[in-house]
Amino acid sequence: DKGNFRHFMAKEIHEQPEVVSHTLARYLDLNAMTTRLPDDLPFDFRTLNRIAISACGTAFYAGLVAKYWFERFARLPVDIDIASEFRYREMPLEPDGLSLFVSQSGETADTLASLRYCKGEGQHIAAIVNVEESTIARESDVIFPTLAGPEIGVASTKAFTCQLAVLTALAIAAGRARGHLSEEDERKLVEALVEIPRFAAQALRLEPQIERLAKTFSHASDVLYLGRGTSYPLAMEGALKLKEISYIHAEGYAAGELKHGPIALIDETLPVVVIAPYDRIFDKTVSNMQEVAARGGRIVLMTDPKGAEAASIDALETLVLPDMPATITPIVYALPVQLLAYHVAVFMGTDVDQPRNLAKSVTVE
Ligand code: M6R
């Protein structure tokens with residue numbers, strides 16, 4: 001049931017404040033303001049020496065954001081791979097490694113094959129799944145469910161932000177267990193997570209502005225998305241979302257890579273979406289944005305009030321999100337990124353929920 005929405009995708013985008021809140025409630029103790037994981041975890045964060053994450057598509061980008069979190073909060077090195085590559089690479093895995101699989105459906109063939117490889121190598125197997133009865137869930141030692149509810153739109157939206165919610169709770173728990181985060185650090189981070197639903201609801205209010213902007217995108221043949229840090233995986237996720245439902249070619253790049261090649265693409269016809277919350281690397285991203293502006297690129301800047309003020313260029317359009325703690329920006333900024341793809345696709349008249357050539361669950365390789 002689509003409710004009052006035109007497409008499942010729109011409904012699922014709008015459900016995010018609620019389903020993320022629901023998911024967080026499972027992994028946080030809101031009285032103690034701590035993370036809360038099952039007592040009988042089949043592995044111990046204190047003795048883990050590595051995490052290997054393997055996933056496909058949007059779930060892979062969620063894993064890539066989590067790499068930044070696990071490394072920063074827990075000083076735990078993370079390898080992250082696209083499952084279709086990982087499964088054939090025969091990566092050497094040390095004892096006391098955790099293999100973590102991220103999958104909405106829990107049925108993705110390549111992710112499942114990666115899981116079986118890691119099992120054979122004696123790794124601890126954990127999965128973040130939305131479908132608790134799925135094959136990946138069944139074959140894991142432990143699962144961390146996302147409580148997104150059924151996701152019908154082929155383009156993954158609410159599953160992504162719920163995956164990020166679980167991953168951030170895991171990374172904080174790991175940081176605490178390994179002694180890299182103090183009680184106070186944990187409390188501050190949990191306080192930030194608790195705010196996600198409110199900020200996400202505010203981000204949805206940008207929809208009318210995004211809808212207007214989407215019309216200008218519909219003339220583009222290519223779109224570039226740029227970000228640094230945890231905004232970099234989000235840039236790739238934005239590009240994936242746009243191409244899969246609007247059929248406009250898009251690429252997500254780490255902003256710092258711009259001058260290593262993609263800058264050659266920039267001219268007056270190329271929209272460039274810059275995801276840049278006002279964080280510790282904001283200035284670096286802005287200098288990349290200036291390079292785009294100097295070459296006539298049409299910029300859409302997603303930032304916050306401080307960022308909008310500090311970025312002294314005539315951006316084509318600035319989407320101003322609320323000011324929020326840096327940890328949660330990839331989760332909240334995902335919403336305008338999804339809305340942009342959605343409205344471009346609606347404007348183009350594509351089949352948003354069932355884009356051509358795609359299946360919701362990729363059970364063959
Ligand atoms: O069910 P999974 O999370 O394992 O699916 C992985 C990808 O197939 C999926 O995220 C795909 O990239 C989506 N269509 C992206 O919107």
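Here we summarise the structure given alongside this text. (Residues numbered from 1 in each chain as written. Predicted model: local features only at pLDDT ≥ 70, side-chain atom pairs only at ≥ 80, totals over all residues. Heavy atoms only, no water.)

1. Some remarks on the pairing of strand β5 (residues 97–103)
On a regular strand, each side chain points to the face opposite its neighbour's, so the side chains alternate between the two faces of the sheet.
Link 1 in the chain: Of all seven residues that make up β5, seven are buried, and the element is covered over most of its length.
Link 2 in the chain: Neither face of β5 is open: one carries Gly 97, Ser 99, Phe 101 and Ser 103, the other Leu 98, Leu 100 and Val 102, and all of them are buried.
Link 3 in the chain: Of the pairings in the sheet, the one linking strand β3 (residues 50–55) to β5 comprises six bridges and is parallel in character. Its bridge partner lying in β5, Ser 54 is registered against Phe 101.
Link 4 in the chain: Bridge count between β5 and strand β6 (residues 124–129): six bridges; the pairing is parallel. Counted as the bridge partner of Val 102 is Ile 128 from β6.
Link 5 in the chain: What joins β5 to β6 is helix α5 (residues 109–120), and the crossover it makes is right-handed. (Buried < 20%, exposed > 50% of the residue type's maximum accessible area, 1.4 Å probe, protein only. Helix = DSSP H or I, 4+ residues; strand = E, 2+ residues; numbered from the N terminus. Pairing = 2+ DSSP bridges. Right-handed = clockwise from strand over helix to strand, strands pointing away.)

2. Things to note about the site of the ligand
Link 1 in the chain: In the vicinity of the ligand, 14 residues are found, and the nearest of them are Ser 103, Gln 104, Ser 105, Thr 108 and Glu 244.
Link 2 in the chain: Within the contact set of the ligand, a nitrogen atom lies 3.0 Å away from a backbone nitrogen or oxygen of Val 154.
Link 3 in the chain: Side-chain polar atom of Lys 241 to an oxygen atom of the ligand: 2.9 Å apart, as the coordinates give it.
Link 4 in the chain: Bound to the protein, the ligand loses 91% of the 420 Å² it would expose on its own.
Link 5 in the chain: When contributions to the shell around the ligand are tallied by element, the ones reaching two or more residues are α3 (57–74) and α11 (231–246). (Near = heavy atom within 4 Å. Polar contact = N/O pair within 3.5 Å; in protein donor to acceptor, adjacent residues only side chain to side chain. Areas by Shrake-Rupley, 256 points an atom, 1.4 Å probe, with all protein chains shown as cover.)

3. Overview of the pairing of β6
Link 1 in the chain: With respect to burial, β6 is a largely interior element, five of its six residues being buried.
Link 2 in the chain: Of the strand pairs in this sheet, β6 and strand β7 (residues 142–143) are connected by two bridges, and their pairing is parallel. Along β7, the bridge assignment pairs Ala 126 with Val 142.

4. Overview of the sheet that holds β6
For sheets, the rule is that strands pair by backbone hydrogen bonds, running either parallel or antiparallel.
Link 1 in the chain: As summarised here, the arrangement of the five strands in space is β4-β3-β5-β6-β7, forming an open sheet in which the pairing is parallel. Two strands bound the open sheet, and with one partner strand each, they are β4 (78–82) and β7.
Link 2 in the chain: In the packing of α3 onto the sheet, contacts are made with β3, β4 and β5, and the angle to β4 comes to roughly 170°. (Contact = heavy atoms within 4.5 Å. Axes fitted to C-alpha atoms, helices over the stretch in contact; angles between N-to-C directions.)

5. A word on the nonpolar core
Link 1 in the chain: Phe 45, Phe 70 and Phe 144 are the most contacted members of the largest nonpolar core, which totals 100 residues.
Link 2 in the chain: The dominant element in this core, judged by the number of residues it contributes, is helix α14 (residues 329–348), at 13 residues.
Link 3 in the chain: Once you skip the residues sitting within four places of it in the chain, Phe 70 turns out to touch Phe 45, Ile 51, Arg 75, Leu 76, Val 78, Leu 100, Leu 167, Leu 170, Ala 171 and Ala 174.
Link 4 in the chain: Ranked by size, the runner-up nonpolar core spans 17 residues in total, among them Leu 258, Val 272, Val 274 and Leu 301. (Core = buried A, V, L, I, M, F, W, Y, C linked by side-chain atoms within 4.5 Å.)

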